[in-house]
Number of protein chains: 4
Amino acid sequence: MANRVAFIGLGMMGYPMAGHLAKRFETIVWNRTATKAQEHARQYGSQAVQNLQETAQAEFIFTCLPTSVEVEEVVRQVLPALKAGTVWIDCTSGDPNHSRRIAQSLREVGCDFLDAPVSGGRAGAEAGTLTVMVGGSEETFRRALPIIEAFAGKVFHVGDVGAGHAVKAINNMLLAVHLLATAEGLVALAKQGVDPAIALEVINVSSGRSFASEVHFPERVLTRAFPNTFSLALLAKDTRIAVSIAREVYVPTPLMQLAAEMFEMAKRQIGGDVDHTAVVKLIEGWAGTEIAPRTKEG
Amino acid sequence: MANRVAFIGLGMMGYPMAGHLAKRFETIVWNRTATKAQEHARQYGSQAVQNLQETAQAEFIFTCLPTSVEVEEVVRQVLPALKAGTVWIDCTSGDPNHSRRIAQSLREVGCDFLDAPVSGGRAGAEAGTLTVMVGGSEETFRRALPIIEAFAGKVFHVGDVGAGHAVKAINNMLLAVHLLATAEGLVALAKQGVDPAIALEVINVSSGRSFASEVHFPERVLTRAFPNTFSLALLAKDTRIAVSIAREVYVPTPLMQLAAEMFEMAKRQIGGDVDHTAVVKLIEGWAGTEIAPRTKEG
Amino acid sequence: MANRVAFIGLGMMGYPMAGHLAKRFETIVWNRTATKAQEHARQYGSQAVQNLQETAQAEFIFTCLPTSVEVEEVVRQVLPALKAGTVWIDCTSGDPNHSRRIAQSLREVGCDFLDAPVSGGRAGAEAGTLTVMVGGSEETFRRALPIIEAFAGKVFHVGDVGAGHAVKAINNMLLAVHLLATAEGLVALAKQGVDPAIALEVINVSSGRSFASEVHFPERVLTRAFPNTFSLALLAKDTRIAVSIAREVYVPTPLMQLAAEMFEMAKRQIGGDVDHTAVVKLIEGWAGTEIAPRTKEG
Amino acid sequence: MANRVAFIGLGMMGYPMAGHLAKRFETIVWNRTATKAQEHARQYGSQAVQNLQETAQAEFIFTCLPTSVEVEEVVRQVLPALKAGTVWIDCTSGDPNHSRRIAQSLREVGCDFLDAPVSGGRAGAEAGTLTVMVGGSEETFRRALPIIEAFAGKVFHVGDVGAGHAVKAINNMLLAVHLLATAEGLVALAKQGVDPAIALEVINVSSGRSFASEVHFPERVLTRAFPNTFSLALLAKDTRIAVSIAREVYVPTPLMQLAAEMFEMAKRQIGGDVDHTAVVKLIEGWAGTEIAPRTKEG
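Residues numbered from 1 in each chain as written. Chains lettered and ligands numbered in written order. Predicted model: local features only at pLDDT ≥ 70, side-chain atom pairs only at ≥ 80, totals over all residues. Heavy atoms only, no water.

Draft legend 1. Up close: the pairing of strand E8 (residues 130-135) of chain B. All names here are of chain B. Along E8, six of the six residues are buried, which leaves the element largely enclosed by surrounding structure. Note: strand E7 (residues 118-119) against E8, two bridges, orientation antiparallel. Each bridged residue has a counterpart across the sheet, and for Ser 119 the counterpart in E8 is Thr 131. In this fold, E8 hands off to helix H6 (residues 138-148), which returns the chain to strand E9 (residues 152-159); that crossover is right-handed. (Buried < 20%, exposed > 50% of the residue type's maximum accessible area, 1.4 Å probe, protein only. Helix = DSSP H or I, 4+ residues; strand = E, 2+ residues; numbered from the N terminus. Pairing = 2+ DSSP bridges. Right-handed = clockwise from strand over helix to strand, strands pointing away.)

Next comes the structure, spelled out in structure tokens:
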């Protein structure tokens, strides 16, 4: 076990990801709330540090934070302590432009950067089967791949620095569009007297189905449970990144743009601190009906 | 075999559907181009008739035509010959309002109506595993179910007359939205230097996936094959039905409405006689790039 | 004074319009609330009738009602009493398709129809300077013109039956778009620290100005008065007519469609019984700010 | 005449603006194509310089360039030569974020910045009656006001640095929305058989009117002249600035966003080098009809 790794940000995703790393590598962990890091150390045998700069002892430093803003701040603090040759791997669902700036500042001190956001949710993080989409140079990717594989099912090298974040943002934008469009369709049917639960069952064996309709609507919407595993505000942030990616290259993407606007409306009307699937309440509110199974009495 | 059935409209879907019926029931077939009906008779042992009114001998009459406009015309012609108690089952991807009018005119001569559009494509029709979404009374549904099952995998009773067409229209609208949004996302990534084939692979193991991304993009778009199994004009028609369903009940559905507008744009710019997946060319045209795998040289 | 006219619907617009007619012609008036008709008779010397069919004594019958639905109902009731040669002039902001149906039913009893919606508001109605946009045959238009001129500033013959309503619907749709877009712009500026009152002043001497920005925003929005002269629900109805006009001829009109959706959202969130300019509150709600002058302290 | 001014950028607007300044103040002019500056010197008695840094002799330096990108470059070049106390006045239709950066870099050498975009077109520039919307400190505004008044009709102080550009961008966005929405309405009416010229006449005495409908449609669209006084690409740029202003403060502005997308589509389909009013051709293309007066034969 030649490598030492560090993991910054032990949130819902980062905590189990760092756990998988700790099973294979000597792993330093840091978290804003230090007790979380200590708990991780006890559970996985990682090494909890209180001083952020101590993570600079590792050859591979991971970040998994809410947005690129926090990543930039953390890099700024750790940078003076970095050894040349360190690879910084950012698993945040971040912004390609921030990533390019971060990569540039790391390059100036002889370090490399990969943006490596993940997909698969808490369950995938715990199982160590996350999909990872990586942006960066071919060479850095090859060096980091054996480390990333500790928590990954599939790892894709999708392009240069920023490309990982771009693909992730577009993926999440599609999720956002599918949530909204499926909600629109189901409330229209509900108002026409069709049971949304039955309509959904039909759609899920037909051509209109999506991950959103197959997983999120049955589990989170029809049940009215909306368990908060990924906040509406964070998905709104991803849609903003997606539209800025499109605007940057002057590509008209009217559906994506409109979906981003609708997430802003939802943040205001529903609030950002609920599960992202609660965005359907925006459309339910417009329609004056709920996406819920009809009871025989109802 | 107590029942006699008739099938009007031996197109890409209707031909094999009527074939499955003919294996179980005495089946009369009629088609605008009579040679097609004769071919069907030879292949499946059905009885080809030239006079549309001869279909009125059956207890169950099926229609599978391009739009509700053709169905209304056919009903108008057959109506004078109908026996009371006949059940008319319309498998067209039709319009709920037309269906309600047709049902009313049939009711006046003692006949019943079901709207029973199908999902599953040519392959499902040939395998006899179509998903069928049925609108109409519980009693009529029960009478017709054993007949419909001849070509069905799953049969859903989704509500009163028109509900089958409504669910089908919303399903197809979702397909339309997914095609457009996925195209928007992939062209934006392509312009950012990401290979659309790789981006699609990532999306298809992530939360942004849909039937469109899993089936249509790999098979029809990336290959640039666009095999014409279901025309752009017909999907545009379905999106129009979907938005009229939403407008009728005063439900704001901005994404659906915008997608319907985009299909109208595509009809004008790409043409309606191509496969529905060719709608991506509208967005490719705006971006000046194609959704195709990048070659190493490219 | 050879002609006798009748006026059905003495609302905010109809009351003064019928008053101008009464100054020139023998005028029969009918109103759902009969006391309003009696008041009109006292004020203008018109003849109030209680039985709707008594209006059939006139050669020219005017309607000015909330929607075409009410007009169709009134025509249905009066029709049996009509003399051949009567001209029915509908000043409602109506639906072209309804108008065509009404015209057809009148034609069958030898009567003619003009759709003749007006623009200019209560003030124009009182001054007798309304703009009138007329749909119908050239010959009927010529016969009715001297009568219509009693309350008109400008009278335009814009096409066949339905064309008047179509032009009116598009005009009102433009008002709807301008209200929404100007509100969007002003809240964005307000959030950027610019006083909306000053921004509006600049826009009103620049290329972004409109009737909405020059009249409605200073008088109704900045003052927060929103006097209810024309309801949000009625303008929402006009936007629905406008989009159905465009859909009917397969013309993509994405901005119009989106504006229509936004008016539906506003009806749900703000309510339909407020002045149409209160639609800005939808956008203010999304932004969390008001379009009002900033005080030095504020 | 105590002041010396400089003017950088003698384009369609800048040339006459600098002319008005030269009538009142000692005026240095610079233009990328030097012959234009020499022509200006002959016509107005200004002093043409070849070296950009010579403009630093003036106390007030004006820029009027295509975009903020060119302004930043020019400032970068002149900066080393600037005297403390100089006021830089940028009349470009620029980007507030660029302006704030420029202001910061000028502040560091003791200079002040105003963003002061103008409205009124070539005609207003020649008459010296432009509307000017100024962002910057109250004190700098007061110092510069007597200078700016040389070419202005009305001068508004709209807020801090960037506010002038923000107001201008929103104004131009409204123009963009009005052009598109009016085109949508007129093509829909044209397809319904209404003469667009007559419809426009009605709208222009009704509540749907705007600067676009009153000036641009009669003069540029109905005539099919589309004289190129302000390019489609530049208005597209302004719509991009407007939407980024709204996004920055998290304000949902769906109509503005959609209009910005439509201008990107138009750039691709119509080209950016035509007059901004030619954007109507995007919608005409979708409809398959032109906004032109109908001839009796047509």
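Draft legend 2. Inspection of the relation of the copies chain B and chain A at higher detail. Take chain B, turn it by 180°, move it 0.0 Å along the axis, and it overlays chain A with an RMSD of 0.0 Å. In short, the pair behaves as if placed about a two-fold rotation axis. Within chain B, the C-alpha atom positioned nearest to the axis of rotation is that of Ser 210 of chain B, 1.8 Å from it. Of the residues that chain B buries at the interface, 100% are likewise interface residues in chain A, meaning the two copies contact each other through the same surface. (Least-squares fit on C-alpha atoms with pLDDT ≥ 70 in both. Contact = heavy atoms within 4.5 Å.)

Draft legend 3. Region of the structure containing the interface of chain D and chain B. With nine residues of chain D at the interface, the matching set in chain B holds nine residues. Here chain D and chain B share an interface that buries about 760 Å² over both sides, 55% of which is from carbon and sulfur atoms. Three residues, Met 265, Arg 268 and Trp 286 of chain D, lead the burial of chain D against chain B; their summed loss comes to 64% of the area buried on that side. Along the contact surface separating chain D from chain B lie zero salt bridges. Of all the elements in the fold, those that place two or more residues in the side of chain D that touches chain B are helix H11 (254-269) and helix H12 (280-287) of chain D. Sorting elements by how many residues they give to the side of chain D that touches chain B places H11 of chain D first, with four residues. (Buried area = accessible area lost by both parts, 1.4 Å probe. Salt bridge = Lys/Arg side-chain N within 4 Å of Asp/Glu carboxyl O.)

Draft legend 4. Summary view of the domain arrangement of chain A. Residues and elements named next belong to chain A. Partitioning chain A into structural domains gives domain 1 (4-159) and domain 2 (166-287). The C-alpha centroid of domain 2 is placed 29 Å from the C-alpha centroid of domain 1. Counting residues at the interface gives 14 residues for domain 1 and twelve residues for domain 2. Overall, the association of domain 1 and domain 2 removes approximately 960 Å² of surface from exposure, summing both partners, and the carbon and sulfur fraction of that is 60%. The closest approach of N and O atoms between Glu 248 and Arg 100, which form a salt bridge, is 3.8 Å. Linking domain 1 with domain 2 are four residue pairs in polar contact (both at pLDDT 80 or more), by the criterion used here. Among the elements that make up the side of domain 1 that touches domain 2, the one with the highest residue count is helix H4 (residues 96-107) (three residues). (Domains from an automatic or database assignment. Polar contact = N/O pair within 3.5 Å; in protein donor to acceptor, adjacent residues only side chain to side chain.)

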